[in-house]
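Per-entry structural report
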Amino acid sequence: MYINIKQITAVVLLCVTAVSCSKEITERTKTTAALNPANIDIDAGTWKPVLLTAPNEFAVAAPGAASGPGYTAEINEIKSYQKSITGAQKERLNYWGAGAVLRWNEIMRGLVAKYNLPPFQNPDGTYPVPDANNPFNNPQFPFANPPYASRAYAYVSAAQYDALVAAWHYKKLYNRLAPYKINNTITTLLPQTDLPSYPSEDAVVVGVMIEMLKLFFPGEQAAIQQLATEHKNARIMAGMNVRSDIEAGEALGRLVAQKFVTRARGDRAGAAVGNAALWQQMETQTAATGETPWISMESPKRPPMLPLFGRVRTWLFDSLTMVTSIRPGPPPSTKSEKFKQEVAEVLHYSKNATREQLATVHYWADGLATHTPPGHWNAIAADDFIGQRFSEVRWARNMALLNMSMMDAAIACWDAKFFYFNPRPSQVNPEIKTWTGLPNFPSYTSGHSTFSGAAATILGRIIPSRKTAYENMAKEASLSRLYGAIHYRSDCEEGLKCGNVIGGYAISRANLDGAN
Amino acid sequence: MKLTIKTVWIMLLCVAAKYSSAQTDLDAIMMEKNAFCVGPGYSYSSWKEYWEGTKKRENLNLGTVSTQMFAVMGNYGVSNKLNVLFNVPYVVTKASAGTLRGQRGMQDLSLMLKYRAINKKVFNNRIALIGMLGGSIPLSNYTADLLPLSIGLQSKTAMARLMLDYYYDNKWFATASATYVYRSNVTLDRDSYYTDQFILSNEVNMPNATSYNIRAGYRTQWIIAEAVLNNWTTKGGFDITQNNMPFISNRMNATSLGANFKFVFRNTPQLSLTGGASQVIAGRNMGQSFNVNGAVFYVFDLNKKEKKNKQGTN
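Presented here is an overview of the structure given in this document. (Residues numbered from 1 in each chain as written. Chains lettered and ligands numbered in written order. Predicted model: local features only at pLDDT ≥ 70, side-chain atom pairs only at ≥ 80, totals over all residues. Heavy atoms only, no water.)

Quick look at the overall build of chain B
- When helices and strands are counted, chain B shows two helices and 19 strands.
- Counting the 314 residues in chain B, one finds 60% classified as buried.
- Considering only contacts within chain B whose residues lie at least 6 apart along the sequence, 65% involve residues at least 24 apart.
- Summed over its atoms, the accessible surface of chain B is roughly 12300 Å², and 59% of this surface lies on carbon and sulfur atoms. (Helix = DSSP H or I, 4+ residues; strand = E, 2+ residues; numbered from the N terminus. Buried < 20%, exposed > 50% of the residue type's maximum accessible area, 1.4 Å probe, protein only. Contact = heavy atoms within 4.5 Å. Areas by Shrake-Rupley, 256 points an atom, 1.4 Å probe, with all protein chains shown as cover.)

Listed below in structure tokens is the structure:
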């Protein structure tokens, strides 16, 4: 019998290989070790807050005496939990042990990804606007697009930072020791530290999240409450805090968060959607200058994404500075030779992008149903911060610097986009087909480039050994939009520069906040 | 950038391309020992409406999504009972509206062993039981993460099939088969993704799938005319959320109905033409595609060669 041994072997090997592979996925940070800070930053109560006027702006009452009966009862609560702790509880306890700022940042990125979906059109071809007062309606609230996400990340991070600065102030002031230092029969399931435990830093973060996420993801209250309860209990079960540490921390976190909620309600983001008259006016104004105005390439035509986001209140500089020192100069005129050359370059990538360039396009695409470009930079930062063994307060400070700079980047970029209102490559040359989704707003400057320029600059300040790596990532993120055939080179280069300038403002703040 | 879309789902397309040709992995026809049937095939499939979860809709930013497949298919008779089949497809996708660029490239090589365990004559009837083992592997590093325009899913697959064939009076037949498909995880060019939860990994867990196929009609040495019902169901996966892009691990289901013909030339019996068409009639997270296909096959008899070899070695 004539048998093609090679073919048969190939098929059999294929089957065996495929079946033997495990399909379980290990997420990057699933097995991250418990947070064990290299430095507890005992003086962080003196660091400069973002909104708080002073670290003791909100009072935290002195804790009860460790010798009292109340404290004994709290110690017994830990013991009773530990007596019957299950494997699943231990697994969750280790999850939260990796760090409060880290885990809630990951949860936030997940919420952004879940809500990053544009509304579906009405039967008449118009689009409904998500309504914060009816989050469960169609369309769901929010549409967590990149500017929205940048704002959510920034407020949450800044509020965590301020609340933790306040917490550190009271920790040092009251100096209540951790339960395992007071009572040596307590077992600890996470690394011990010399940090005073009242109020609990984990609970501070939980309190901030509960309040802030009511504002940003009002449809998620039940899920957030459940996570919050689990997180707080994990700290008690692990023997790291007593109940009163937790309660004081959560109360403080909530109070500080309220201050940020108040700022958010007045930061003009609520009006960023604009209205039909305004959208028309932007088009008419640009046409009047002789340039080609942007039009939506979607069917039916979708209103531009948050055209007034450029007027939202910034963190690191004022609105005058933005217009005079940060807004990029005009893009090449749509009638110029340079513009023609740039269109030709986009057409080239539209037809000839290499597989490697396409991998870059997809790696940085961060489009629908993702954590958006600001979320991507949060992921990059978080993955790197893990190795730095920061204290919770330093984690929060660094995340706040990163996210405030990216929200300001969004504001500056959207200001430029709607000030110049210039068309996408696919609009001026229909031959230009894109390798990724075409964003529904004007081209100049590139949002990815601006976010990335800002993020890379401040991250290079936070972890100097990674400075060049961050700069290269930012360049790659920026060029990915040209390879994807959705941006001209000027959009990418000017966006990156603008982001770098904004990152510089974050560095100035970092140099003066007392954390160095 | 809301390309809410649904997939032509490529595996169905492969299957559709193979419907038509006799001596495929979905029919009960076996090649004789040392016969090698090979030929080029073409299929075109397109859809305008798709199912977003269970809701049927269209997307004006895609218009009509079409997929063309150019393939070389073959079947070699290791023995009268054991055949080896292969398929090498090149795929081109296109959307008639919107800005997204269609993709093109070599898709997945599939290989299959087909073993006829039972072939029993009872009066005027003949009953055959056939078992198959096979799999597929991507032939190029195409991007899977751009549905519905990606040319494939990048998953390596392994599959097992059981097929029962009933043949009456040397003219009429009915064939039914059930297939289980194992699909390997896929690695994307990104750092995280959202299914019905947020996953901090570039690796995607692909649901396995089952497939059922029923075909019946008229079959002789010279002509075949058959009707085909096909069902594909993924075991898990999630629905596309409103106005979202499709994702490779979506719960993709489809049922299609079609017809195939085969014609063998009397003066050149090695040469045959096949053709067919099918329509998806029900689905979930899939395009409602219509498919037409055709192929030319030529059978080489390698027996002489073997005899020569035998003589040489004797």
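Now that the structure is up, let's keep going.
Thoughts on helix α18 (residues 467–483) of chain A
All names here are of chain A.
- Here α18 is 17 residues long and its end C-alpha atoms lie 24 Å apart, about the 24 Å a rise of 1.5 Å per residue gives.
- All of the buried residues along α18 are Tyr470, Met473, Ala474, Ala477, Ser478, Ser480, Arg481, Leu482 and Tyr483.
- Here the buried face of α18 lies against α12 (337–352), α13 (355–365), α14 (372–388), α17 (447–462) and α19 (489–512).
- Alanine 485 lies just past α18 and shows a positive phi near 65 degrees. (Expected span 1.5 Å × (residues − 1).)

Comments concerning unusual backbone geometry
- The linkage connecting phenylalanine 141 of chain A with the following residue, proline 142 of chain A, adopts the cis geometry, with an omega of -5 degrees.
- Examined against the element boundaries, proline 142 of chain A turns out to sit in the loop between α4 (100–115) and α5 (146–174).
- Its identity as a non-glycine residue notwithstanding, aspartate 366 of chain A has a phi of 45 degrees, on the positive side.
- With respect to the helices and strands, the residue aspartate 366 of chain A is situated in the loop between α13 and α14.
- With a phi close to 65 degrees, asparagine 34 of chain B is a non-glycine residue in the positive phi region.
- In this fold, asparagine 34 of chain B is placed in the loop between α1 (10–20) and β1 (35–47).

Comments concerning the packing of α17 of chain A against α19 of chain A
Residues and elements named next belong to chain A.
- Two elements in contact, α17 and α19, have axes whose closest approach is 6 Å; the angle formed by their N-to-C orientations is 35 degrees. Viewed along their axes, α17 and α19 form a crossing whose handedness is right-handed.
- Taken together, the residues that form the contact of α17 with α19 break down as nine nonpolar, 11 polar and two charged. (Axes fitted to C-alpha atoms, helices over the stretch in contact; angles between N-to-C directions. Left-handed = near helix turned anticlockwise from the far one by under 90°. Nonpolar A, V, L, I, M, F, W, Y, C, P; charged D, E, K, R; others polar.)

A look at the interface of chain A and chain B
- With 60 residues of chain A at the interface, the matching set in chain B holds 60 residues.
- Interface of chain A and chain B: buried area, both sides summed, is about 5200 Å²; carbon and sulfur atoms make up 59% of it.
- A salt bridge links arginine 355 of chain A to aspartate 189 of chain B, with the shortest nitrogen-to-oxygen separation between them at 3.1 Å.
- Viewed at the interface, chain B and chain A are joined by 20 residue pairs in polar contact (both at pLDDT 80 or more).
- Looking at the side of chain A that touches chain B, the elements that each hand over two or more residues are α1 (5–20), α4, α12, α13 and α14 of chain A.
- If one sorts the elements of the side of chain A that touches chain B by residue count, α1 of chain A sits on top with eight residues.
- Along the lines of polarity and charge, the residues of the side of chain A that touches chain B split into 28 nonpolar, 19 polar and 13 charged. (Buried area = accessible area lost by both parts, 1.4 Å probe. Salt bridge = Lys/Arg side-chain N within 4 Å of Asp/Glu carboxyl O. Polar contact = N/O pair within 3.5 Å; in protein donor to acceptor, adjacent residues only side chain to side chain.)

What to know about the side chain of asparagine 125 of chain B
All names here are of chain B.
- As for its placement among the helices and strands, asparagine 125 is situated in strand β8 (residues 125–138).
- Exposure remark for asparagine 125: the relative accessible area of 18% places this residue in the buried category.
- Engagement of the side chain of asparagine 125 in a polar contact is seen with the side chain of tyrosine 166, the distance being 3.3 Å.
- The residues touching asparagine 125, leaving out its near neighbours within four places in the chain, are Lys120, Tyr166, Tyr167 and Tyr168.

Remarks on the nonpolar core
- Counting residues in hydrophobic clusters, the biggest one holds 120 residues, and the most contacted among them are Met212, Trp315 and Trp377 of chain A.
- In contact with methionine 212 of chain A, other than residues within four places in its own chain, are Tyr155, Val156, Ala159, Ala257, Phe260 and Val261 of chain A.
- One finds Met73, Val91, Phe238 and Phe297 of chain B within the second-largest nonpolar core, a separate group that totals 29 residues. (Core = buried A, V, L, I, M, F, W, Y, C linked by side-chain atoms within 4.5 Å.)

Topic: the environment of asparagine 76 of chain A
- Following the sequence through the fold, asparagine 76 of chain A ends up in helix α2 (residues 69–83).
- Put simply, asparagine 76 of chain A and serine 449 of chain A are 373 residues apart on the chain and 54 Å apart in space, counted from C-alpha to C-alpha.

Quick notes on the packing of aromatic side chains
- Taken as a whole and assessed by the stated rule, the structure comprises 32 aromatic pairs over all chains.
- Among the aromatic residues, those joined into a cluster by ring pairs are Tyr115, Phe141, Tyr148, Tyr155, Phe216, Phe217, Phe260 and Trp315 of chain A.
- Positioned over the ring face of tyrosine 470 of chain A is arginine 466 of chain A, at 5.3 Å from the centre of the ring.
- The side chain of arginine 101 of chain B reaches across the aromatic face of tryptophan 435 of chain A, ending 5.9 Å from its centre. (Phe/Tyr/Trp six-rings, centres within 6.5 Å; stacked < 30°, edge-to-face > 60°. Lys NZ or Arg CZ within 6 Å of the ring centre and 35° of its normal.)

Here we look at the pairing of strand β16 (residues 223–235) of chain B
Residues and elements named next belong to chain B.
- Across 12 bridges, strand β15 (residues 208–219) lies against β16 in antiparallel orientation. When the bridges of β16 are listed, arginine 215 appears paired with valine 228.
- Taking the residues that link successive antiparallel strands as the turn, the β15-β16 hairpin has three residues.
- The pairing of β16 with strand β17 (residues 253–264) spans 11 bridges and is classified as antiparallel. Opposite glutamate 226, over in β17, you have asparagine 260 as the bridge partner. (Pairing = 2+ DSSP bridges.)

Thoughts on α17 of chain A
- In this model, α17 of chain A (16 residues) spans 23 Å end to end at C-alpha, consistent with the 22 Å of a helix rising 1.5 Å per residue.
- At the N-terminal end of α17 of chain A, a side-chain oxygen is found 3.5 Å from the backbone nitrogen of histidine 448 of chain A, two or three residues along, and the residue is serine 446 of chain A.

Let's talk about the pattern of salt bridges
Residue and element names in this part refer to chain A.
- Applying the stated criterion across every chain, the model contains 37 salt bridges over all chains.
- A salt bridge links aspartate 513 to arginine 397; its shortest N-O distance comes to 2.7 Å. Pair noted here: aspartate 513 is in the segment after α19 and arginine 397 is in helix α15 (residues 392–420), with a separation of 116 residues, a long-range link.
- With relative accessibility at 2%, the residue aspartate 513 sits in the buried group.
- Look at arginine 397 and you get buried, because its relative accessible area is 4%.

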